[in-house]
Amino acid sequence: MSDSHSTQSFETVAIHAGNTADPLTGAVVPPIYQVSTYKQDGVGGLRGGYEYSRSANPTRTALEENLAALEGGRRGLAFASGLAAEDCLLRTILSPGDHLVIPDDAYGGTFRLFAKVARRWGVEFSVADTSDMASVRAALTPQTKAIWVETPSNPLLGITDIAAVADVARDAGARLVVDNTFASPYLQQPLALGADVVVHSLTKYMGGHSDVVGGALVVSDPALGEELAFHQNAMGAVAGPFDAWLVLRGAKTLAVRMDRHSENAERVAEALARHRKVAQVYYPGLPEHPGHEIAAKQMRSFGGMVSFRVQGGEQAAIEVCNRAKVFTLGESLGGVESLIEHPARMTHASVAGSQLEVPADLIRLSVGIENIDDLLADLQQALG
Ligand SMILES: *Cc1c(COP(=O)(O)O)cnc(C)c1O
């Protein structure tokens, strides 16, 4: 599957991997196989290996092949949500008594899964600043089986050197998991840098149109791929055929969308950095960002997410969110439309009081692909 695309460029692979013409009709887009079960030609006589759609469905297979090819992996698995993918991963690679190292900045729902769910099943974790290898090493225990990294991180846009943390993981005999949601496979390829598992919320840039919730795991090791596929089927949180189809469609325009997201976000970050009501801007594309050099090394461009702190504290931040018009006030990210949100009260409410707590005056932008002048004008008026 992915091997046949290994010499092609990303844009070509994104459009063709998994998208073989339908053998029956020649349809150039894989049909939505809205079906639960498959006629067998005699007991056990499966056509193409399909028996029941929790185990496999052709539309989901098409997406899974596409995802594996885009990340340069051997196996892709599509789930009902990003968190369903993470849950499957945790229960596949960790057992009670195991330990994992998690980042001090991460998606709130990911932290909640570690803190409120996995811990009850006997999996412990330590929090580290994953941009600092000394901090990661200090968090290791003899039971550490995985190091979890988000880069760029949500919502503070921290950057972790994937190749460096892969070395730390290898020395520790732990697996490196990289949540590649913010970058997308177009901007960053963690498996090539030494990661063992790539995690995605397909809800974000992969889907790209704010119309589907989905998740994925991609791995290079076929044996680990088999173990994950076993757990995916055994636990059952799979992507439905229509959801898989929507993400597969989104993937075809990922490259052009990401180019525009990055371009627009760079302009937004520069404008915010000059604004007198803005106290701090978090964007890895800015030369003063502490992870700028590493981001420039491991990413094609810096992506569409920008966070910033405003003068005047939490109330001022909330007012800016409420005044925005082109930037829609809402959770999530990665769609063609620009979004604005207040992490402390919205996406990251679940990390309040933890080591992952975010500043109350922080605003997060998902910079869309609208005209940049309209976006800059909207931020000007919202900042007042
Ligand atoms: C949204 C998100 C998730 C969770 O994905 P869902 O599809 O919402 O379950 C995980 N990681 C990151 C970085 C995210 O932004």
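Every value quoted in this text rests on a predicted model; they were computed, and no experiment measured them.

Trainee: What should I look at first to understand empty space enclosed by the protein in this one?
Mentor: It is the rolling of a water-molecule-sized probe over the atoms that shows where space remains empty. The full count for this structure, using the stated rule, is one cavity of 30 Å³ or more. The space that makes up the largest cavity amounts to roughly 30 Å³. Lining the largest cavity are Leu63, Phe79, Leu202, Val213, Gly214, Ala239, Asp243, Ala244 and Val247. Of all the elements, helix α9 (residues 241–252) adds the most residues to the lining of the largest cavity, at three residues. Within the lining of the largest cavity, the residues separate by chemical class into seven nonpolar, one polar and one charged.

Trainee: Help me understand the environment of Asp87, please; the structure alone is not making it clear to me.
Mentor: Secondary-structure assignment places Asp87 in helix α3 (residues 82–93). When the C-alpha positions of Asp87 and Thr110 are compared, they lie 9.2 Å apart, and in sequence the two are 23 residues distant. Discounting chain neighbours no more than four positions away, the residues touching Asp87 are Leu113 and Met235.

Trainee: Sorry, what's going on with the sheet that holds strand β11 (residues 339–341) here?
Mentor: Within a sheet, each strand pairs with its neighbour through backbone hydrogen bonds, oriented either parallel or antiparallel. Sheet architecture is open: five strands sit in the order β8-β9-β12-β11-β10, paired in mixed fashion. Every other strand in the sheet has two partners, leaving β8 (278–282) and β10 (328–329) as the edge strands with one partner each. With two bridges joining them, β10 and β11 adopt parallel strand pairing. In the strand pairing of β11, Thr328 is matched with Leu339.

Trainee: Would you explain unusual backbone geometry in this entry?
Mentor: Glycine aside, a negative phi is what most residues show, and trans is what most peptide bonds show. Here the residue pair Thr151 and Pro152 is connected by a cis peptide bond, since its omega of -5° sits within 30 degrees of zero. By the element assignment, Pro152 lies in the loop between β4 (144–150) and α6 (162–172). The linkage connecting Asn154 with the following residue, Pro155, adopts the cis geometry, with an omega of 10°. Looking at the element boundaries, Pro155 is found in the loop between β4 and α6. Its identity is not glycine, yet Ser184 carries a phi of approximately 75°, on the positive side.

Trainee: Would you mind showing me how to read the site of the ligand here?
Mentor: Around the ligand there are 15 residues in total, and Leu83, Asp179, Ser201, Thr203 and Lys204 lie nearest to it. Within the complex, 93% of the 380 Å² of free accessible area of the ligand lies under protein.

Trainee: Help me out: how do you make sense of the pattern of salt bridges in this one?
Mentor: Pairs can form between side chains of opposite charge whenever their charged atoms are close. Counted by the stated rule, this structure contains 10 salt bridges. Asp361 is the partner of Arg309 in a salt bridge, and the nearest nitrogen-oxygen pair spans 2.8 Å. In this pair, Arg309 sits in strand β9 (residues 305–310) while Asp361 sits in the loop between β11 and β12 (362–366), placing the two residues 52 residues apart along the sequence. Taking relative accessible area as the criterion, Arg309 reaches 25% and is therefore assigned partly exposed. Classification of Asp361 as buried rests on a relative accessible area of 14%.

Trainee: Any chance you could explain the layout of surface pockets here in plain terms?
Mentor: Each pocket or cavity is described by its volume, and for the largest pocket that value is around 560 Å³. Along its surface, the largest pocket is lined by 21 residues, and Asp22, Pro23, Tyr33, Tyr50 and Pro58 are the ones closest to its centre. At four residues, the largest contribution of residues to the lining of the largest pocket is made by helix α2 (residues 58–70). Looking at side-chain class alone, the lining of the largest pocket contains 10 nonpolar, seven polar and four charged residues. Looking at the second largest pocket, its volume works out to about 460 Å³. Together, 28 residues line the second largest pocket, and Leu156, Gly158, Ile159, His289 and Pro290 are the ones closest to its centre. No other element matches β8, which puts three residues into the lining of the second largest pocket. Per-class residue counts for the lining of the second largest pocket are 12 nonpolar, nine polar and seven charged. When we break the lining of the second largest pocket down by domain, the ones giving at least three residues each are domain 1 (3–251) and domain 2 (255–382).

Trainee: Explain the domain arrangement of the chain to me, please; I cannot follow it from the model alone.
Mentor: The figure often quoted for interface size is the accessible area lost as the parts come together. For the chain, the assigned domains are domain 1 (3–251) and domain 2 (255–382). Computed from C-alpha coordinates alone, the two centres of domain 1 and domain 2 are separated by 25 Å. Each side of the interface is counted separately: domain 1 has 39 residues, and domain 2 has 42 residues. Carbon and sulfur atoms make up 62% of the area that domain 1 and domain 2 hide from each other, which totals about 3,200 Å². Its largest share of buried area at the contact with domain 2, domain 1 owes to Tyr186, Leu187 and Tyr205, together 24% of the area lost on that side. At the boundary of domain 1 and domain 2, one finds one salt bridge.

Calculation rules
- For every chain, the first residue of its written sequence is number 1, and the numbers climb from 1 along that sequence.
- Side-chain atom pairs in this predicted model are given and counted only at pLDDT of 80 or more, local residue features only at pLDDT of at least 70, and totals for whole chains, interfaces and linings cover all residues.
- For side-chain calculations, the full set of non-hydrogen atoms in the structure is used, while hydrogens and water are omitted.
- Buriedness for pockets is judged along seven lines, at least five of which must meet protein on both sides within 12 Å for an open set on the 1 Å grid over protein atoms alone, while cavities are sets there where a 1.4 Å probe fits but cannot get out, and lining residues have an atom within 4 Å of a point.
- Grid points are joined across faces, edges and corners, and a volume is the space filled by probe spheres set on the points.
- Numbering goes from the N terminus for both helices and strands, where a helix is a DSSP run of H or I of at least four residues and a strand is a run of E of at least two.
- Only Asp, Glu, Lys and Arg are considered charged, only Ala, Val, Leu, Ile, Met, Phe, Trp, Tyr, Cys and Pro nonpolar, and every remaining residue, Gly among them, polar.
- Working rule for contacts: check all heavy atoms of both residues, and any pair within 4.5 Å makes them a contact.
- Each pair of strands is called paired provided DSSP finds at least two bridges between the two strands.
- Nearness is judged by heavy atoms alone; a residue qualifies as near a molecule or strand once a single heavy atom is within 4 Å of it.
- For the area figures, the Shrake-Rupley method with a 1.4 Å probe applies, and any residue is considered shielded solely by the protein chains shown.
- The salt bridge criterion pairs a side-chain nitrogen of Lys or Arg with a carboxyl oxygen of Asp or Glu, the two atoms within 4 Å.
- A 1.4 Å probe rolled over the protein chains alone gives each residue an accessible area, and that area as a share of the maximum for its type sets the label: buried under 20%, exposed over 50%, partly exposed in between.
- The source of the domain bounds is an automatic or database domain assignment.
- For any pair of parts, buried area is found by adding up, for both, the accessible area (1.4 Å probe) each one loses once the two are put together.

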